[in-house]
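Each chain is listed here by its residues.
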Amino acid sequence: MTPEEETSISIYKQASPSVVNITTTTMVQDFFSVYPQKGSGSGTIITPDGFVLTNYHVVEDATEIGVTMIDGTKYPAKFIGADQDNDIAVIKIITDSNTAFKALEMGASDSLQVGQHVYAIGNPFGLNSTMTRGIVSALGRPLTTGSGKVIDNVIQTDAAINPGNSGGPLIETSGRMIGITTAIFTPTGGNVGIGFAIPISVARALVPDLIKHGKIRRPWIGIVGVPLWEKLSKALGLPVSTGVLVSQVVQDSPAHKAGIKGGNKPVEISGTVIYLGGDIIVEAGGVKIHSLQDLTKALKDKKPRDVIPIKLIRGSQMIVVNCVVELKS
C-alpha cells in the first residue's frame, strides 16, 4: 500500500467508531392529519459519556432521536441544546450501563490551508460509516443557514458529501476533527464536488454552553438599535448617515451602566415605533459600525467582564464610553 492509503486506513480505523448514524422522528401536519416523518444524518461522539455533536437541522423539531454505532448497536438519545444561527446541536446517548464511548478529538481549524487533505465520514443516503477524501478547496466562505443567518469563514471541500453526511466530521490527516459537514452546493441534488463544513473552532466555543445550559449565551450590551442609512438620517435630521441609533437601553444592562442614552421621542417608521434623541454608535472596539451585524461582530469574541470602548455621537459631540460586556442567552 502507498503511504497515502495507509494514512486513509489509519484515519478510518481511528475515527469511524466515534461517528454515529442519527435517526429522527418529526411530527408533520398537513391539511388532513398529523403524521410522523423519518429523517437521518450523522454525528460525532465528543465525550466518553456520550455527548454527540451534529447539525441543528439534523435534529430540528425531532420528537424521537436514535443513534446507531458502527457495529450496529442502537441507542436512544435526547436533545441537549442547539445554536440555530451556527447550525450546531448537541445530543446525548441514553444508556443504563457505564458504557465508555470512543470520542473523537477536536483539532484546530484556524490554521487550515487550502490544499490540505481532509476526510469526511458519515452516512450518505443511509450508507453507514462511509468515508470520502478530498482537499480543503477554499476557506473563509460565508454560508447562509436555514434560519437566514450567515456563518462566516466556513470550510469548502471537494470531499464527496451527500444527503446524510450532515453533522458528521471533517477530519485532517492527524485524525482530529476540524469541521462539521453541513451542506453541499448542488444543482442536481447530489454531490458535485462543493461541500461545506462549519469550522471546529466555532463548535469549540459553543459546546460548553450547550452542554451546561442547553443554549448559547452571547456577548451583550443591552440596547434596542436602529441601523441608519443616508435617506433615513436625512429625514430624521441626524448628523451622520451611518451607524446604529440607540432607540432604547435595557435597565441595568451594560449599556445602561456605561451611560449610553436611548431616545425619548417616539416616531413610527414602516409600522415600527422607534425613539429619537438617543446616542448613535459609530464604532465599537475599533470596529466601524454601519449595521447591527457590525455591532454583533465587534462583540462576538468578547468574554464576560471584557471592556469594550464604544464611540458615540451625542447631539453634536463625539464621546467614548467604556462598556463592560455581559453574556445573555
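Residues numbered from 1 in each chain as written. Predicted model: local features only at pLDDT ≥ 70, side-chain atom pairs only at ≥ 80, totals over all residues. Heavy atoms only, no water.

A. Spotlight on the overall build of the protein chain. Broken down by element type, the protein chain carries 6 helices and 22 strands. Judged by the C-alpha coordinates and their principal axes, the protein chain covers about 70 × 50 × 45 Å. Buried positions account for 44% of the 329 residues belonging to the protein chain. Residue pairs in contact within the protein chain that sit at least 24 positions apart in sequence constitute 58% of those at least 6 positions apart. Here the protein chain contributes 29 positive and 28 negative side-chain charges, whose respective centroids are spaced 7 Å apart. (Helix = DSSP H or I, 4+ residues; strand = E, 2+ residues; numbered from the N terminus. Buried < 20%, exposed > 50% of the residue type's maximum accessible area, 1.4 Å probe, protein only. Contact = heavy atoms within 4.5 Å. Lys, Arg positive; Asp, Glu negative; His and termini not counted. Charge placed at Lys NZ, Arg CZ, Asp CG, Glu CD.)

B. Structural context of the sheet that holds strand β8 (residues 130-144). Read around the closed barrel, 6 strands run β7-β8-β9-β12-β11-β10, paired in antiparallel fashion. Across the sheet, the mean angle from the axis of one strand to that of its neighbour is 45°, orientation sign disregarded. Sheet analysis places β8 next to strand β9 (residues 150-157), joined by 5 bridges and oriented antiparallel. Following the sheet pairing, R141 is matched in β9 by V154. In this fold helix α1 (residues 3-15) packs onto β7 (117-122), β8 and β10 (169-172), with an angle of close to 40° to the strand it touches most, β7. (Pairing = 2+ DSSP bridges. Axes fitted to C-alpha atoms, helices over the stretch in contact; angles between N-to-C directions.)

C. A look at the nonpolar core. Residues L53 and I88 are the most contacted members of the largest nonpolar core, which totals 28 residues. Looking at this core, the elements with two or more residues in it are α1, β3 (51-54), β6 (88-93), β7, β9, β11 (177-184), β12 (195-199) and α3 (200-213). No other element matches the 6 residues that α3 contributes to this core. Formed by 19 residues, the second largest nonpolar core is a distinct cluster that contains I221, A255, A284 and I310. (Core = buried A, V, L, I, M, F, W, Y, C linked by side-chain atoms within 4.5 Å.)

D. Structural detail: the sheet that holds β6. Pairing is antiparallel in the closed barrel, where 6 strands are placed in the order β1-β2-β3-β6-β5-β4. The sheet shows a mean angle of 40° between the axes of neighbouring strands, direction not considered. Two elements, strand β1 (residues 19-29) and strand β4 (residues 64-68), share 5 bridges in a ladder whose sense is antiparallel. Across the sheet, the residue bridging to T23 is G66, located in β4. Strands β3, β5 (74-83) and β6 of the sheet are contacted by α3, whose axis makes an angle of about 55° with β6.

E. Examining the pairing of β12 more closely. The element β12 is largely enclosed, with a buried count of 5 among its 5 residues. Bridging between β9 and β12 involves 3 bridges; their strand directions are antiparallel. Counterpart to I155 in the pairing with β12 is A197. Of the strand pairs in this sheet, β11 and β12 are connected by 5 bridges, and their pairing is antiparallel. For T181, the partnering residue across the bridge sits in β12 and is A197.

F. Highlighting the packing of aromatic side chains. All chains considered together, the criterion is met by 1 aromatic pair. On the basis of an interplanar angle of 85° and a centroid distance of 5.5 Å, the ring pair of Y75 and F101 is categorised as edge-to-face. Within this pair, whereas Y75 is found in strand β5, its partner F101 is found in the loop between β6 and β7, the two being separated by 26 residues in sequence. The positively charged end of K92 is found above the aromatic ring belonging to F51, 5.3 Å away from the centroid. Lying over the aromatic face of W220, K328 brings its terminal NZ or CZ to 5.1 Å of the ring centre. (Phe/Tyr/Trp six-rings, centres within 6.5 Å; stacked < 30°, edge-to-face > 60°. Lys NZ or Arg CZ within 6 Å of the ring centre and 35° of its normal.)

G. Geometry of the pairing of β4. With 4 of 5 residues buried, β4 lies mostly within the body of the structure. Sheet topology places β4 next to β5; 4 bridges connect them, and they run antiparallel. Looking across to β5, one finds that T68 is bridged to K74. Hairpin remark: β4 followed by β5, antiparallel, with 5 residues in the connecting loop; positive phi at G72, about 90°.

H. Focus on the confidence of the model for the protein chain. With 96% of its residues at a pLDDT of 70 or more, the protein chain has an overall mean of 89. Across the protein chain, element-level confidence peaks in β3 with a mean pLDDT of 97 and bottoms out in β9 with 85. (pLDDT = per-residue confidence, 0-100.)

I. Local environment of unusual backbone geometry. A positive phi is found at D252, a non-glycine position, where the angle reads about 65°. Take D252: it is sitting in the loop between β15 (243-249) and α5 (254-258). Backbone geometry at R305 places phi at a positive 75°, although glycine is not the residue there. Tracing the backbone through its elements, the reader meets R305 in the loop between α6 (292-299) and β20 (307-314).

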